[in-house]
Amino acid sequence: MAHQNEQQRGGDRGDRGDRGDRGRGRGRGRDRDQERDDELVDKLVHINRVAKTVKGGRNFQFAALVVVGDTKGRVGFGQGKAREVPEAIRKATDEAKKNMVRVPLREGRTLHHDGKGRHGAGKVVLRAAPPGTGVIAGGPMRAVLETLGVQDVVAKSVGTSNPYNMIRATMDALKSQSSPRSVAAKRGLKVGDLVNRRDDGASSPEAIEA
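Residues numbered from 1 in each chain as written. Predicted model: local features only at pLDDT ≥ 70, side-chain atom pairs only at ≥ 80, totals over all residues. Heavy atoms only, no water.

Caption draft 1: Molecular detail of the sheet that holds strand E2 (residues 57-69). Taken together, 4 strands build an open sheet; the order of strands is E1-E2-E3-E4 and the sheet is antiparallel. Across the chains shown, the open sheet's two edge strands, defined by having one partner strand only, are strand E1 (41-54) and strand E4 (101-102). With 8 bridges connecting them, E2 and strand E3 (residues 74-82) associate as antiparallel partners. What sits directly across from Ala 64, in E3, is Gly 80. Along the sheet, helix H3 (residues 140-148) makes contact with E1, E2 and E3, crossing E1 at roughly 135°. Contacts from helix H4 (residues 163-175) reach E1, E2, E3 and E4, with the element oriented near 155° to E3. (Pairing = 2+ DSSP bridges. Helix = DSSP H or I, 4+ residues; strand = E, 2+ residues; numbered from the N terminus. Contact = heavy atoms within 4.5 Å. Axes fitted to C-alpha atoms, helices over the stretch in contact; angles between N-to-C directions.)

Caption draft 2: Expanded view of the environment of Leu 148. With respect to the helices and strands, the residue Leu 148 is situated in helix H3. Residues Leu 148 and Leu 174 lie 26 residues apart in sequence; the distance between their C-alpha atoms is 9.9 Å. Not counting the four nearest positions on each side in its chain, Leu 148 is found in contact with Thr 71, Lys 72, Gly 73, Arg 74, Val 75, Val 103, Leu 105 and Leu 174.

So this is what it looks like as structure tokens:
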């Protein structure tokens, strides 16, 4: 009888050990998610107080617009509403993380080619630039480009100054970006053939010689 009880206790300890291993595995997954979140950079672009008229009067809330990116080619934006500013920012940040898109970058610092974007009355023009140019953009466009990881670009906004439309137009222009590798695959050419044809002055001397 004593021997059976000892076996039973050993089995219980083994079960608890298995459960502990499984718990540690889930913890590692949360650690990886935390590391990814730590790599992200978020910027508050705009915050506005909004009101909704109801039967008993007006309900006031705050609307936040946030841009999130990893400065390595991924960016997204989100909106959030809440009665308190911190909660609105948190909601907008969570939505931005869910809506992130990947944009190919040339040499990790500028765009592969010029692009135009539009949303409603918002129109933007993005142009690739040579090294040392910096981010020549203003307002919401600068927030998107900096969190994306662009270091050299010339941007121009034509039309409305509404931050929501400007950010959507900028995202529309970025989504149209294509890398030489994807274009070469579609045309059945080599990447070197396309790169050698570039004459926009946006490539660094090292890249041209390569």
